[in-house]
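Listed below, chain by chain, are the residues.
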Amino acid sequence: MTVSAVPSEASSASAAPRGGGVRRSMLRRVAPYLQAGPLALTLLVFLLIPILTIVAVSFWDYDSIRIYPDFVLTNYEELLTSPVTWKTYLNTVKFAALTWVITLLIGFTVAYFLAFHVQSTTWQMVLFLVCTIPFWTSNIIRMISWIPFLGRNGLLNSGLISAGLIDQPLEFLLFSDFAVVLAFVHLYALFMVVPIFNSMMRIDRALVEAARDGGASAAQVVWNVILPLAKPGIAIGSIFVVTLVMGDFITVRLMSGGQSASIGLMIANEISLLQYPAAAANAVVLLAVVLIMVVAMLRIVDIRKEL
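Residues numbered from 1 in each chain as written. Predicted model: local features only at pLDDT ≥ 70, side-chain atom pairs only at ≥ 80, totals over all residues. Heavy atoms only, no water.

1. Thoughts on the overall build of the protein chain
In step 1: Within the protein chain, the regular secondary structure consists of 15 helices and 2 strands.
In step 2: Scaling as 2.2 N^0.38, a compact globule of 307 residues should have a C-alpha radius of gyration of about 19 Å, whereas the protein chain reaches 29 Å, well beyond that.
In step 3: With the C-alpha coordinates of the protein chain rotated into their principal frame, the extents come out at 120 × 70 × 30 Å.
In step 4: Counting the 307 residues in the protein chain, one finds 34% classified as buried.
In step 5: Of the accessible surface of the protein chain, which amounts to about 18600 Å², a share of 71% is contributed by carbon and sulfur atoms.
In step 6: Distance between charge centres in the protein chain, computed from 18 positive and 16 negative side chains, equals 13 Å. (Helix = DSSP H or I, 4+ residues; strand = E, 2+ residues; numbered from the N terminus. Rg over C-alpha atoms; globule rule 2.2 N^0.38 Å. Buried < 20%, exposed > 50% of the residue type's maximum accessible area, 1.4 Å probe, protein only. Areas by Shrake-Rupley, 256 points an atom, 1.4 Å probe, with all protein chains shown as cover. Lys, Arg positive; Asp, Glu negative; His and termini not counted. Charge placed at Lys NZ, Arg CZ, Asp CG, Glu CD.)

Next comes the structure, spelled out in C-alpha cells:
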C-alpha cells in the first residue's frame, strides 16, 4: 500500500501544473476578445444600431402628419427616379471634387514646407499650431466672417474698386458656388494638412539626399520620392475631406444664400418637413455613395501603412 501511494501523489502533483497551463492558455485566447469588447460594444450601440434603425425607417410609409411602420419601396423609387435628386448628387460631388483638389494643393504645399524647409522641430510645432488656431472657433463663425469680406459692398470689392481694377462689384463672390467652395476649403483644409504632414515626417531624409546626390531636381524629388511616400497621408486626408463635404449642409445653406443644393441640405429639408422615411432613404443612398468613394480610394492607396 505504501509503494502504490507514491505514484498517486506524483500524478496529482503533475496534474496541477497541467491544469494551470490550460487556464493560462484559455486566458491568452480570451484576452484579445476582452480587450476588444468595450470598443465593439461602443460601435454596436453608437454606430451599427443607429444605421440599422435608419435603414429600417427608410422602408416605412408616411403622410403629412405621421409615419407608418411598413415595408414599402416608395421612398427609394421617388428618390432614384427624380431628376432633382441626380442633379443634387452631381452638385454635391462637384463641391467635393473642387474642395478636394484645392485642399490637396494647399495641404501638400503647407505640409511640404513644414516638413522639409523648417529645420527646427520647435518652429515646426509653432507653425503647425498657427495653422490650427483658426480651427479653434466655430465653423459657423468662420463662415459668417466671409460675408463682410465677399459682399457686394464688402472689403474685397471695395478694395478692387478703389484700386481701379474693376468698375462694378463682383456679384459671384458671395451667395454662389464660389463662396460655398471657398468656405469648404477654409473649413476642411486642416484635415488634409495633418495626415500629409504626418506622412512626410516619416520619410527617411536619406532618401531625399540620395535623390539629390543622384542629380534629381527639386521637382523630380517631390514627384518621384516624396509624393509616392506621402500617398497614405493623402488618402487619409482625402477621405476626411470628401466625407465631410458630402454630408455638410449648413455651409451650402449659408454661403449659397439658398441658390445651391446638396444632399445634406436635401435631407435637412426633409427632416424639417417631418418626412423622416424619405430622409432616411436619402441618408442610406448617401452612405452607400460615400462608402463607394472611400473603397475606391482604399483600392488606390494602402492606408494600412499609415496606421
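There is more to say, and it comes next.
2. Some thoughts on the pattern of salt bridges
In step 1: For the structure on display, the rule yields 3 salt bridges.
In step 2: Asp177 is the salt-bridge partner of Lys94, the closest N and O atoms lying 2.9 Å from each other. Of the two residues, Lys94 is situated in helix H3 (residues 83-117) and Asp177 in helix H8 (residues 177-188); the sequence distance between them amounts to 83 residues.
In step 3: Classification of Lys94 as partly exposed rests on a relative accessible area of 33%.
In step 4: The salt bridge involving Arg212 is made with Glu209; its shortest N-O contact spans 3.6 Å. In this pair, Arg212 and Glu209 both sit in helix H10 (residues 205-213), 3 residues apart, roughly one turn of the helix.
In step 5: The exposure class assigned to Glu209 is partly exposed, which follows from its relative accessible area of 40%. (Salt bridge = Lys/Arg side-chain N within 4 Å of Asp/Glu carboxyl O.)

3. Side note on the packing of aromatic side chains
In step 1: This model, assessed by the stated rule, comprises 10 aromatic pairs.
In step 2: Centroid distance Phe172 to Phe178: 5.4 Å. Interplanar angle 75°. Geometry classified as edge-to-face.
In step 3: For Phe178, a relative accessible area of 39% puts it in the partly exposed group.
In step 4: Ring plane angle 20° and centroid distance 6.0 Å describe the contact between Phe184 and Tyr188, whose orientation is recorded as stacked. A residue pair is termed a helical-turn pair when its members lie 3 or 4 positions apart in one helix, as Phe184 and Tyr188 do in helix H8 at 4 residues. (Phe/Tyr/Trp six-rings, centres within 6.5 Å; stacked < 30°, edge-to-face > 60°.)

4. Brief notes about a positive patch on the surface
In step 1: On the surface, a cluster of positive charge is contributed by Arg23, Arg24, Arg28 and Arg29.
In step 2: Mapped onto the elements, Arg23 comes out in helix H1 (residues 2-57). (Patch = residues over 30% accessible without salt bridge, like charges linked within 9 Å, V, L, I, M, F, W, Y side chains within 5 Å.)

5. As for the packing of H3 against helix H4 (residues 121-132)
In step 1: One can describe the packing of H3 onto H4 by two numbers: an axis separation of 9 Å at closest approach and a directional angle of 160°. By the angle between their directions, the pair H3 and H4 is classed as roughly antiparallel. You can see that H3 and H4 cross each other, and the crossing is right-handed. Contacts between H3 and H4 involve Val110, Phe113, Leu114 and Ala115 from the first element and Gln124, Leu127, Phe128 and Cys131 from the second.
In step 2: For the contact of H3 with H4, the class distribution of residues is 7 nonpolar, 1 polar and no charged. (Axes fitted to C-alpha atoms, helices over the stretch in contact; angles between N-to-C directions. Parallel < 35°, antiparallel > 145°, perpendicular 65-115°, else oblique. Left-handed = near helix turned anticlockwise from the far one by under 90°. Contact = heavy atoms within 4.5 Å. Nonpolar A, V, L, I, M, F, W, Y, C, P; charged D, E, K, R; others polar.)

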